[in-house]
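Residues per chain, in single letters:
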Amino acid sequence: MTAPTVSTSRPPAEAEQVHAARTGRAVGAGAFRPRQLLDALPTALRKLDPRHQVRNPVVFVVWVGSVVVTVAAILDPSVFAWSIAVWLWLTVLFANLAEAVAEGRGRAQADALRATRTDTVARREDGTEVPGTELRVGDRVVVEAGETIPGDGEIVEGIATVDESAITGESAQVVRESGGDLSSVTGGTTVLSDRVVVRITAEPGESFVDRMIALVEGAQRQKTPNEIALTILLAALTIVFLLAVVTLQPMAGYSGRQQSLVVLVALLVCLIPTTIGALLSAIGIAGMDRLVQRNVLATSGRAVEAAGDVSTLLLDKTGTITYGNRRATALHPLPGVDVTDLAGAARLASLADTTPEGRSIVELTAAEHGLPAEASTDEAAAEFVPFSATTRMSGVDLDDGDGREVRKGAVASVLAWLGDAVPDTDRAELERLAREVSERGGTPLACGLVSDPGAYSPEDRSRVLGVVELSDVVKPGIAERFGELRAMGIKTIMITGDNPVTARVIADASGVDDVLAEATPEDKLALIRREQAGGRMVAMTGDGTNDAPALAQADVGVAMSSGTTAAKEAGNMVDLDSDPTKLIGVVEVGKQMLVTRGALTTFSLANDLAKYFAILPAMFLALYPQLGALNVMQLATPESAILSAVIFNALVIVALIPLALRGVRFRPSSADRLLRRNLLVYGLGGVVVPFVGIFLIDLVVRLVPGIG
Amino acid sequence: MAGLAQVAVLLVLLAAAWRPLGDWMARVYTDESDWRVERVVYRLVRVDPRSEQRASTYAVAVLAFSFAGIVLLYLLQRLQTLLPWSFDRGAVESGVAFNTAISFVTNTNWQSYVPETTMGHTVQLVGLTVQNFVSAAVGLAVAVALTRGFVRSRTDRLGNAWVDIVRGCTRILLPIAAVAAVVLVATGVVMSLRAGVDVIGADGRSSTIALAPAASQESIKELGTNGGGILNANAAHPFENPNPVSNLLEIFLLLVIPVALTRTFGRMVGSVRQGVSLLAVMGGLWVAMLAVIWTAEARSASFAGANLEGKEVRFGIAGSALFANSTTGTSTGAVNSLHDSFSALGGGGAMLNMLFSEVTPGGVGTGLYSILVVAIVAVFLAGLMVGRTPEYLGKRLGRREVTCAVVVVLTMPALVLLGTGLAIALPSTADAMTNAGPHGLSEVLYAYASAANNNGSAFGGLTVTSGFFQTTLGIAMLLGRFLPIVAVLALAGLLARQPRVEPGPGTLSTGTPLFSVLVAGTIVLVAAITFLPALALSPLAEGLA
């Protein structure tokens, strides 16, 4: 259940559509601007500190190589040696730049969050005022309309509307009240109406916003499991390349020509997987960042990665699969009643009804029977009879001379209102129609009218017209969405409190794979455990305190920002928009992060082939002129060949920074199709691109005196 | 044409044996009951055949068994004077004994000695031949343990190393070797316990032609992908390999178990397709490399329109290329021609087979576990590219699994590069070479590739009797064998502990042609990026001249 939003919060479906329009359905993120590179330069320079570099084994090797070549260039200066030295340092710098840019984007998000944490003055119940930063867990403070809530807490007294736009960025006003699942409030949000007493639940500096800031800034960034595994592979490859280069020297010596230190370092740097080594941490940071841009905050990179591995999605029916409210979908007149009469009466009864159900009836009669959607002046003057728990009906009393009264509502209530005037046959027929609607999973609303008491016989005076069918409406496009998920190997399970019959109807209409009907929190927990026992990873959304155990058990638990503190503590992500549909997008972001890592690693390794073709003939041409046959790129001189390879190696890092930040294009499809595509683009592309790139760079480099 | 016919006959024989032998081996390692002779052995060594071992215990068993074998074999050689049928060949010199003990226990069968003047029949039969059986059985056991890692879930038990080793001998190697030996005798292979025969040659001078129990040795030497000849000329000697029929039979024997093991693997993991896709990788690379070697030898004419230097005319180009490709693609190392005399690219092809880390189709057991480890690395990279934590056969490949795989994949290149670099830096090495220039470097590179891969074939031309070579090649054989075995068993343990995740459309499907291409690509790419600089200075520099 999402919180009842009072005003202009975007309904989930619309938010999803806006997101889809912005990104063209593929997962994407904000545009990368070259300006960001410049902004990140000071940070990148600061990262040249070896204590920082040593954390990344591949880039550290380049760093050491740069030092060695610089010393060699000082001892034995030449244009070639200095060029290599400069470009090796640039390689390290570009690697730092990638990380710095990614962090910079995170920092911008953090600043936005930090702006919410203005210094507030808190008022205790006894009237004493203390700075918000001095509040401790358990303190009770009073907040009135127009005041900012000083810290994370729970409402213990009162009800209020709260503006959460400071956190969510959307001008969403939500109702918060003591007791139940809507009692949690976040520090930095503003009370718009009424007065509440809040019990503080977070120590200063440990509030929700504080933790999010730390995470977004990457201050606490821990390497994710896959990232560690990949780092091990890259480190091992680096060691082997180190051996290959070190042992090449005696072989070269035996063959008659020792190689200079500068050339050997250049070869080493070109061979080790610098591209992926440089971009690896940026990819991780950018993954978190992409979630933040969707207004989802993950408590760890591990959670983002887990999202990519999810194979079972638990989706709440309401709000995710169907619109939150039931909508009128059909009119069933009694025999002998014209359907337009029923439509007219139903419309009249609903014109002044502002509930979603009421509006949907007007929309239905407008769409299917051409009746005006707006009330005429006369109609607007009619007296609206609102729904009440005792009458279980709503309608209008018309003041048009006839004295007509129109009502819609629960079948039994409408029949009782009409009284004995309704013939038994109509009564039986109405009940039959209502029963049919119920069996389809819908809700029947009876519609009846009473005309001017004096004009007609009792039978004509009070007439029951038929049944309006209200039902859950599956969101458009959701079935295709589930189809895509299925192609990606993800099973969807719909969670609903409905009875199995109703649940089944929605399940069939939406194409969901499985249903958990009449679900209790215990059922959810058991379901998650069962899925996990089968080796599947589970993602779910939740907001209530009783969702907390399931959120904690799930591999990816997305808590709604509108939910309780307990739910937010239990989950490993928080959706600031409280939009359960986003779970699907979260999975895609997780997958995209993994795909990007794999693709750039493949690209990086495939690059080595071209670099060998550039450097090996250059190294040994003087020894074995026949190795010139390997110089397929026709590079001008040995020096230009080696320098071109080094320059390509450095520039490719910069060229790929936008890709690392944005993520490799990801469209939901089966693993085999994804693999075939990515192998072609990044595997084959990784073989071909450097041949072209090195060739082009050489055309320029050969013009440099002392090289060409 | 005759050459292609040989290849065709070989492939038909292998195809015919693949299914029954593969299924039989799967039964051997899943059978719950013991043969009577096996029970006797278990009682003797006090092993409870029903008790299962953890990965660590399994590894300790394999290592202890192997090191005991090394000590025993060393002592046998050193104490040869006390043994019957020694023909006054004396105690084997310590460096040679050290190197040979390691060589035969590690399934390498690198020979830095002349058999017919160094080893008596007792050392051959009780020492070397026994190791030919048990070292192959150890390889099988490790491969089966890794397979069980994939099959089992939520357990820390991998089976019983003693049972696996014993069954490998009693149910697979001994029966096939026995039959094969008889068939080999029928083709003309010698089987004699005499030291030799004295003959008077056409020139009137008398000489002694060494005899040996060759047929029994020959069958297991090929079947167990060992390769150590009982005669110095190895399978080029007419007493070991008299004619094209015996030649083809020997090639069949050295390929049959590694090839059929893919079926065993498929059967045990419950999907034959998984095994077939690995077989496709092995077969594809084997065919490609055969084409390289064959073409190189046929084209580089030194005699009669082809390169027949160092080859037996009774085998010709086809029979020699087929043998060379198969012996280096498995970890056999038996030779029926002198690889040193191959053309630069032909010899380079044989070397490349080894630098692929022996997976085409690889040694008995070692081929399967090596290619599985490469597959794990390939799946790890490709799996990331489909947006999931990579899984292979329902097992997740995390940090520890990748670490184990990386150790296996990188041990061999490290040993080969370090060994070659060290050897070539020594001034004394130049004196040990027959050839200077790129070919000389090939000789050294080949030697370390052969040792680190436990192949055992020699390029020839390099004199390896110096203390330096005996020791460093010995170490390369030792580490090249046991580091990967320990890592593979650790990997098996990690896999067995995991629950098995049912593969779905979101997981990378293995057992498909795309997967085969991926694995083959990984094998070639890893070898290329590791060894291109070294190869550029040896076969490439020579071949492009």
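Reading guide: rules and limits
- Residues numbered from 1 in each chain as written.
- Chains lettered and ligands numbered in written order.
- Predicted model: local features only at pLDDT ≥ 70, side-chain atom pairs only at ≥ 80, totals over all residues.
- Helix = DSSP H or I, 4+ residues; strand = E, 2+ residues; numbered from the N terminus.
- Rg over C-alpha atoms; globule rule 2.2 N^0.38 Å.
- Buried ≥ 20, exposed ≤ 12 C-beta atoms within 10 Å, placed from the backbone.
- Pairing = 2+ DSSP bridges.
- Axes fitted to C-alpha atoms, helices over the stretch in contact; angles between N-to-C directions.
- Contact = placed C-beta atoms within 7 Å.
- Core = buried A, V, L, I, M, F, W, Y, C linked by C-beta atoms within 7 Å.
- Left-handed = near helix turned anticlockwise from the far one by under 90°.
- Nonpolar A, V, L, I, M, F, W, Y, C, P; charged D, E, K, R; others polar.
- pLDDT = per-residue confidence, 0-100.
- Expected span 1.5 Å × (residues − 1).
- Parallel < 35°, antiparallel > 145°, perpendicular 65-115°, else oblique.
- Bend = angle between axes of the 7 residues up to and from the residue.

K.L.:
What's the story with the overall build of chain A in this structure? I'm lost.
P.N.:
A tally of regular secondary structure across chain A gives 26 helices and 22 strands. Here the C-alpha atoms of chain A give a radius of gyration of 34 Å, more than 25% beyond the 27 Å that 2.2 N^0.38 yields for 708 residues. When burial is assessed residue by residue, chain A has 52% of its 708 residues classed as buried.

K.L.:
Got a minute to help me understand the overall build of chain B in this structure?
P.N.:
Counting its secondary structure elements, chain B contains 18 helices and six strands. Principal-axis analysis of the C-alpha atoms gives chain B an extent of 75 × 60 × 45 Å. A total of 545 residues make up chain B; the buried ones form 62% of that total.

K.L.:
Explanation requested: the sheet that holds strand 17 (residues 462-471) of chain A in the structure shown.
P.N.:
Strand pairing within a sheet occurs via backbone hydrogen bonds; the two strands may be parallel or antiparallel. All names here are of chain A. The six strands are arranged 12-17-16-15-14-13 in an open sheet whose pairing can be described as antiparallel. Two strands lie at the open edges of the sheet, namely strand 12 (327-333) and strand 13 (383-385), each paired on one side alone. Each strand of the sheet is rotated relative to its neighbour by a mean of 20°, with strand direction disregarded. Judged from the five bridges that link them, strand 15 (residues 405-409) and strand 16 (residues 443-450) form a sheet pairing that is antiparallel. Looking at the pairing, E405 lines up with V450 of strand 16. In the packing of helix 13 (residues 339-350) onto the sheet, contacts are made with strand 12, strand 14 (393-397), strand 15, strand 16 and strand 17, and the angle to strand 15 comes to roughly 90°. Sheet strands in contact with helix 16 (residues 411-418) are strand 14, strand 15, strand 16 and strand 17, and its direction is about 15° off that of strand 16.

K.L.:
How should I be thinking about the nonpolar core in this particular structure?
P.N.:
Nonpolar side chains in soluble globular proteins tend to be buried together. Residues and elements named next belong to chain A. Membership of the largest hydrophobic core comes to 370 residues, with the highest contact counts inside it found for A98 and V646. In terms of residue count, helix 24 (residues 582-620) provides more of this core than any other element does, 22 residues in total. The next biggest cluster of nonpolar side chains, apart from the first, holds 36 residues, and it includes L334, V411, L449 and V464.

K.L.:
Would you mind going over the packing of helix 13 of chain A against helix 14 (residues 356-369) of chain A with me for this structure?
P.N.:
To characterise two packed helices, one gives the angle between the axes of the helices and the distance between these axes. Residue and element names in this part refer to chain A. The geometry of helix 13 relative to helix 14 is characterised by a closest axis approach of 9 Å and an angle of 145° between their N-to-C directions. Considering how the two elements wind past one another, helix 13 and helix 14 form a crossing that is left-handed. Here T340, A343, A346, R347 and S350 of helix 13 come into contact with helix 14, specifically with G358, I361, V362, T365 and H369. Looking at the contact of helix 13 with helix 14 residue by residue, the classes come out as four nonpolar, five polar and one charged.

K.L.:
Mind showing me how you'd approach the interface of chain A and chain B here?
P.N.:
Frequently, the measure chosen for interface size is the accessible area removed from exposure when the parts meet. Contact residues are listed per partner, giving 55 residues for chain A and 48 residues for chain B. Only helix 8 (225-255), helix 11 (301-309), helix 24 and helix 26 (671-701) of chain A provide two or more residues apiece to the side of chain A that touches chain B. Here the side of chain A that touches chain B is composed, by residue class, of 34 nonpolar, 15 polar and six charged.

K.L.:
Would you take a moment to explain unusual backbone geometry for this structure?
P.N.:
Glycine aside, negative phi is the norm for most residues, and most peptide bonds take the trans geometry. Across the junction of T360(B) and P361(B), the peptide omega takes the value -5°, indicating a cis bond. When you line up the elements, P361(B) lands in the loop between helix 12 (344-355) and helix 13 (366-385). One non-glycine residue, E518(A), lies in the positive phi region at around 45°. Topologically, E518(A) is positioned in the loop between strand 19 (514-516) and helix 21 (521-533). The exposed category is assigned to E518(A), around which 12 C-beta atoms lie within 10 Å. A positive phi angle, close to 45°, is found at T225(B), a residue other than glycine. The residue T225(B) is located in the loop between helix 8 (214-223) and helix 9 (244-269) in this model.

K.L.:
Before we go on, may I ask you to explain the pairing of strand 18 (residues 491-495) of chain A in this structure?
P.N.:
Strand residues, when the strand is regular, have side chains that alternate between the two faces of the sheet. All names here are of chain A. Most of strand 18 is tucked away: five of the five residues are buried. Burial along strand 18 is two-sided: the residues K491, I493 and I495 and T492 and M494 are all buried. Across five bridges, strand 11 (residues 312-316) lies against strand 18 in parallel orientation. From the neighbouring strand, L313 faces strand 18, where its bridge partner is T492. By the bridge criterion, three bridges tie strand 18 to strand 19 in an arrangement that is parallel.

K.L.:
Just to check I follow, could you spell out the environment of P131(A) for this structure?
P.N.:
Considering the arrangement of structural elements, one finds P131(A) in strand 2 (residues 129-131). Sequence separation between P131(A) and V652(A) is 521 residues, and the spatial gap between their C-alpha atoms is 52 Å.

K.L.:
Before we go on, may I ask you to explain the confidence of the model for chain B in this structure?
P.N.:
In regions of low pLDDT, the predicted coordinates are not meant to be interpreted in detail. Confidence in the prediction for chain B averages 93 pLDDT; 99% of positions are at 70 or higher. Considering each helix and strand of chain B separately, the mean pLDDT is smallest for helix 15 (residues 427-432) of chain B, with a value of 85, and largest for helix 7 (residues 161-187) of chain B, with 97.

K.L.:
I would appreciate a short explanation of helix 13 of chain B in the present structure.
P.N.:
All names here are of chain B. With 20 residues, helix 13 ought to run about 28 Å at 1.5 Å a step, and its terminal C-alpha atoms sit 29 Å apart, in line with that. With 20 of its 20 residues buried, helix 13 lies for the most part within the structure. At the exit of helix 13 stands G387, carrying a positive phi of roughly 85°.

K.L.:
How should the environment of K317(A) be read in this particular structure?
P.N.:
Residue and element names in this part refer to chain A. Among the secondary structure elements, K317 is positioned in helix 12 (residues 317-321). Measuring from C-alpha to C-alpha, the distance between K317 and A610 comes to 53 Å, with 293 residues separating the pair along the chain. Those residues in contact with K317, other than ones at most four positions away along the chain, are T322, M494, I495, T496 and I506.

K.L.:
Is there a simple way to think about the packing of helix 14 (residues 399-425) of chain B against helix 17 (residues 467-497) of chain B in this case?
P.N.:
Residues and elements named next belong to chain B. Where helix 14 meets helix 17, the axes come as close as 8 Å, and the angle between the chain directions of the two elements is 175°. By the angle class used here, helix 14 and helix 17 are roughly antiparallel. Between helix 14, through R400, E401, C404, A405, V407, V408, T411, M412, L415, G419, L422 and A423, and helix 17, the contact on the second element is made entirely by T472, A476, L479, G480, L483, P484, A487, V488, A490, L491, L494 and L495. When grouped by side-chain class, the residues that make up the contact of helix 14 with helix 17 number 18 nonpolar, four polar and two charged.

K.L.:
Can you walk me through helix 6 (residues 121-151) of chain B in this structure?
P.N.:
Residues three or four positions apart in an α-helix share a direction because the helix packs 3.6 residues into each turn. All names here are of chain B. For helix 6, with 31 residues, the first-to-last C-alpha span of 43 Å sits near the 45 Å given by 1.5 Å per residue. Approximately 25° is the largest bend angle found in helix 6, and it occurs at Q131. Among the 31 residues in helix 6, 26 count as buried, and that is most of the element.

K.L.:
Would you mind going over the sheet that holds strand 9 (residues 195-200) of chain A with me for this structure?
P.N.:
Residue and element names in this part refer to chain A. One open sheet holds the six strands; their spatial order is 2-1-3-9-4-7, and the pairing between them is antiparallel. Of all strands in the sheet, those with a lone pairing partner are strand 2 and strand 7 (184-185), marking the two edges. Judged from the two bridges that link them, strand 4 (residues 153-157) and strand 7 form a sheet pairing that is antiparallel. In the sheet register, E154 faces strand 7, and the bridge partner there is S184.

K.L.:
So what exactly am I meant to see when it comes to the environment of P499(B) here?
P.N.:
Looking at the element boundaries, P499(B) is found in the loop between helix 17 and helix 18 (513-543). For P499(B), a count of 14 C-beta atoms within 10 Å puts it in the partly exposed group. With 347 residues separating them along the chain, P499(B) and R152(B) place their C-alpha atoms 8.1 Å apart. Residues contacting P499(B), with those up to four places away along its chain left out, are G535(A), S153(B) and R154(B).

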